[in-house]
Amino acid sequence: MTKFTVNFLNQLFPEFSGDIREELKIQEIYTDSRVSVTQGLFVPIIGERFNGHDFVLQAIDKGAVAVIWQKDQPLPENKPNNIPFFLVNDSLMALQELAQAYRNKINPTVIGITGSNGKTTTKEIISSSLKPFYQVSKTEGNLNNLIGMPLSILAMPQNTEVLVLEMGMNQFGEIARLSEIAQPDIAVITNIGESHIEYLGSRKGISQAKLEIIEGMKTSGLVILDGDEPLLDVSLTQQMITCGFGYELDYVVSQVEQHDDQTTFMINEMPVSIPLLGRHQAKNSAYALAVGRAFEVPEGEMVQTLADLTLPGMRFEQIETESGAVMINDAYNASATSMKASIDVIKNMKQQSKVLVLGDIFELGDHLETEHRKVGTSIDSDITALITIGEASRHIHEGLSDDFTGYKTHVESNADANSLIKPYLKSDSVILFKASRGMQLEKIIDELMN
Ligand SMILES: CC(=O)N[C@H]1[C@@H](OP(=O)(O)OP(=O)(O)OC[C@H]2O[C@@H](n3ccc(=O)[nH]c3=O)[C@H](O)[C@@H]2O)O[C@H](CO)[C@@H](O)[C@@H]1O[C@H](C)C(=O)N[C@@H](C)C(=O)N[C@H](CCC(=O)N[C@@H](CCC[C@@H](N)C(=O)O)C(=O)O)C(=O)O
Ligand SMILES: Nc1ncnc2c1ncn2[C@@H]1O[C@H](COP(=O)(O)OP(=O)(O)OP(=O)(O)O)[C@@H](O)[C@H]1O
Ligand SMILES: C[C@@H](N)C(=O)N[C@H](C)C(=O)O
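From a predicted model like this one, the values you see are computed outputs, not experimental measurements. (Residues numbered from 1 in each chain as written. Chains lettered and ligands numbered in written order. Predicted model: local features only at pLDDT ≥ 70, side-chain atom pairs only at ≥ 80, totals over all residues. Heavy atoms only, no water.)

## A word on the packing of aromatic side chains
Moving on, step 1. All told, the structure shown has seven aromatic pairs when counted by the stated rule.
Moving on, step 2. On the numbers, 6.2 Å between centres and 50° between planes, the contact of Phe16 with Phe86 is tilted. With Phe16 in strand S2 (residues 16-17) and Phe86 in strand S7 (residues 85-88), the pair connects residues that are 70 residues apart, well separated along the chain.
Moving on, step 3. A residue is classified by how much of its surface remains accessible, and Phe86, at 0% relative accessible area, is buried.
Moving on, step 4. Ring geometry for Phe50 and Phe55: centres 5.9 Å apart, planes at 75°, overall edge-to-face.
Moving on, step 5. The residue whose ring lies beneath Arg34 is Phe50, and the NZ or CZ to ring-centre distance is 5.9 Å.
Moving on, step 6. The ring of Phe85 carries Lys79 above its face, with NZ or CZ at 4.7 Å from the centroid. (Phe/Tyr/Trp six-rings, centres within 6.5 Å; stacked < 30°, edge-to-face > 60°. Helix = DSSP H or I, 4+ residues; strand = E, 2+ residues; numbered from the N terminus. Buried < 20%, exposed > 50% of the residue type's maximum accessible area, 1.4 Å probe, protein only. Lys NZ or Arg CZ within 6 Å of the ring centre and 35° of its normal.)

Listed below in structure tokens is the structure:
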């Protein structure tokens, strides 16, 4: 599906090398030369391990018909003249400028979602609930940074009416830049946790970074946020809607009950059921309902769509083993808040044997010990066994509740954990795997399943 012509590119980037056929159409914008494309615009990025410019000829072989080229990079000797190279000062900045221009060309209603935890989940809930009523395009997976979000915008079909974008950060200024590119009409701030606190200094710093999402918004925009979070108790020019468990909020979540394969709750007077587990998912659903109200989707119809939810992998993904044990792959990422939320879900599950396999949480800086200890306070007599993996996760043991009397141990690597977990692979066990992305706990699950 054509996104734009080369002429659209030339208006943005007037300087070029090679021939331009104005009618040349671009269908895909991408950054990896190893991917085969049709009518592709290749945007080489200089990364930590590779310089994308080194692979431009491979990109052309695989379907690139135009290239964005950073001027300070030597042009390839045998550059084909029929492929226009648009010359820019910074290829990443050019990708972002192109995304902003394309966003303005298609001009969908843009929903920007940020927060320490729940961005991907809430993005999926909102997208799923609007899809029956609008042409919805969304961030795929977790592509939420200054490369991923522009690519998500540029992946949007021309007939998109609603664009749901996940905005991630681990530095001040990143959300501001993402918001400048995306110009959200509606912003959702899911919560303020401790993710990436090493670089933000404090939870206050995290809240300030998340509130940067306002900077790209019109005053007529709508901000939907976690009303239980004092750090988000701010006054804005935009309309604000608060969601959470406090009775004075706009969308009040109450009567949360976790069942085997769903969570039921009330939002104001509306009974809701979602195929996700945990009270935090009830709050995420409240954000979606508030968004639906802004689109004037009847709440009863919105609630019905929530029943069909599916999440990307490694987010509380339940895997049943031959022995009948249930392994929970919640290993995409972790913070103390999300780890405690997942432990609470495990404590409410029906299996008698509840085992926690918890790895290090990264990017905590000076907060490393306190945050890991905080996780330990959730581990009590409901839990059967605790196996921690890595370095920092040993501090979880220091925070353990006094009435935790189960088996506990700490190992330094994933490989050391397998033999310790195997005895729990029996029919009445549930085993939670959770840690920061870099720990790759999913590899333990893969080994145990083979
Ligand atoms: C730039 C890129 O996309 N890199 C991906 C690549 O990494 P790799 O190490 O292989 O290569 P380089 O980055 O050095 O390569 C530079 C470019 O060269 C291309 N290239 C390489 C070889 C070749 O033969 N041909 C080539 O064309 C290459 O494609 C590069 O474009 O592969 C990895 C494995 O697949 C990817 O993981 C890596 O992706 C990086 C991490 C990336 O930023 N991807 C974004 C598209 C993205 O959105 N990724 C998200 C994770 C985002 C995230 O971490 N979000 C944080 C918050 C934001 C923090 C922000 N400060 C940040 O640092 O990101 C969060 O908490 O959610 C994802 O993948 O899920
Ligand atoms: N509102 C919430 N409060 C606390 N934890 C949550 C909330 N929503 C989801 N979680 C938990 O946080 C973890 C990550 O969920 P999700 O991937 O949706 O968040 P994210 O913000 O996209 O994370 P990341 O920034 O790491 O990509 C999951 O373990 C999930 O159970
Ligand atoms: C996945 C990425 N956004 C992230 O949070 N990385 C941290 C440093 C990790 O590896 O856990």
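From this point, the discussion proceeds with the structure in view.
## Quick look at the UniProt feature "domain: Mur ligase C-terminal" (unreviewed entry) in the protein
Moving on, step 1. Those places that UniProt annotates as "domain: Mur ligase C-terminal" (unreviewed entry) correspond, in this numbering, to residues 314-437.
Moving on, step 2. Between the C-alpha atoms that bound residues 314-437 the distance is 10 Å, and the span itself is 23% helix and 25% strand. (UniProt positions renumbered as here; feature names shortened; annotations may be inferred.)

## Things to note about the packing of helix H4 (residues 119-130) against helix H9 (residues 279-294)
Moving on, step 1. At a closest axis distance of 9 Å, the pairing of H4 and H9 adopts a crossing angle of 40°. One finds that H4 runs oblique with respect to H9. The element H4 and its partner H9 pack so that their crossing is right-handed. Each of Thr121, Thr122, Ile125, Ile126, Ser129 and Leu130 in H4 lies in contact with H9, whose residues at this interface are Gln281, Asn284, Ser285, Tyr287, Ala288, Val291 and Gly292.
Moving on, step 2. Taken together, the residues that form the contact of H4 with H9 break down as six nonpolar, seven polar and no charged. (Axes fitted to C-alpha atoms, helices over the stretch in contact; angles between N-to-C directions. Parallel < 35°, antiparallel > 145°, perpendicular 65-115°, else oblique. Left-handed = near helix turned anticlockwise from the far one by under 90°. Contact = heavy atoms within 4.5 Å. Nonpolar A, V, L, I, M, F, W, Y, C, P; charged D, E, K, R; others polar.)

## Section: the sheet that holds strand S12 (residues 222-226)
Moving on, step 1. One open sheet holds the nine strands; their spatial order is S9-S10-S8-S11-S12-S13-S14-S15-S16, and the pairing between them is mixed. What marks the edges here is a single partner per strand, and that holds for strand S9 (136-138) and strand S16 (270-274). Averaged over all pairs of adjacent strands, the angle between their axes in this sheet comes to 20°, without regard to strand direction.
Moving on, step 2. When S12 meets strand S13 (residues 239-244), the two strands line up parallel, connected through five bridges. Note on S13: the bridge partner recorded for Asp226 is Cys243.
Moving on, step 3. Strands in contact with H9 are strand S8 (109-114), strand S11 (186-189), S12, S13, strand S14 (251-258), strand S15 (263-267) and S16; relative to S14, the strand with the most contacts, it is inclined by about 140°.
Moving on, step 4. Along the sheet, helix H10 (residues 299-306) makes contact with S14 and S16, crossing S16 at roughly 20°. (Pairing = 2+ DSSP bridges.)

## Focus on the confidence of the model for the protein
Moving on, step 1. Per-residue confidence for the protein averages 96 on the pLDDT scale, and 100% of its residues sit at or above 70.
Moving on, step 2. Interface confidence for the predicted complex, expressed as ipTM, amounts to 0.96; the pTM equals 0.96. (pLDDT = per-residue confidence, 0-100.)

## Topic: the site of ligand 2
Moving on, step 1. Surveying the vicinity of ligand 2 reveals 20 residues, the closest of which are Lys119, Thr121, Arg315, Asn333 and Lys434.
Moving on, step 2. For ligand 2, whose accessible area on its own is 630 Å², the fraction buried by protein is 93%.
Moving on, step 3. Of the residues contributing to the shell around ligand 2, the split by class is two nonpolar, 13 polar and five charged.
Moving on, step 4. Shared between two domains, the shell around ligand 2 holds at least three residues of each, these being domain 2 (108-307) and domain 3 (317-449). (Near = heavy atom within 4 Å. Areas by Shrake-Rupley, 256 points an atom, 1.4 Å probe, with all protein chains shown as cover. Domains from an automatic or database assignment.)

## Some remarks on unusual backbone geometry
Moving on, step 1. Positive phi values are uncommon outside glycine, yet Gln39 reaches one of about 50°.
Moving on, step 2. Gln39 sits in the partly exposed class, given a relative accessible area of 26%.
Moving on, step 3. Unusually for a residue other than glycine, Phe316 sits at a positive phi of about 50°.
Moving on, step 4. Relative to the helices and strands, Phe316 resides in the loop between H10 and strand S17 (317-320).

## Let's talk about the pairing of strand S20 (residues 385-389)
Moving on, step 1. A large share of S20 lies buried, amounting to five of its five residues.
Moving on, step 2. Burial along S20 is two-sided: the face carrying Ala385, Ile387 and Ile389 and the face carrying Leu386 and Thr388 are both buried.
Moving on, step 3. Two strands pair when backbone bridges link them, and strand S19 (residues 353-359) and S20 are joined in this way by five bridges, in the parallel orientation. Across the sheet, the residue bridging to Leu358 is Thr388, located in S20.
Moving on, step 4. As a crossover connection, the stretch from S19 through helix H12 (residues 368-376) into S20 is right-handed. (Right-handed = clockwise from strand over helix to strand, strands pointing away.)

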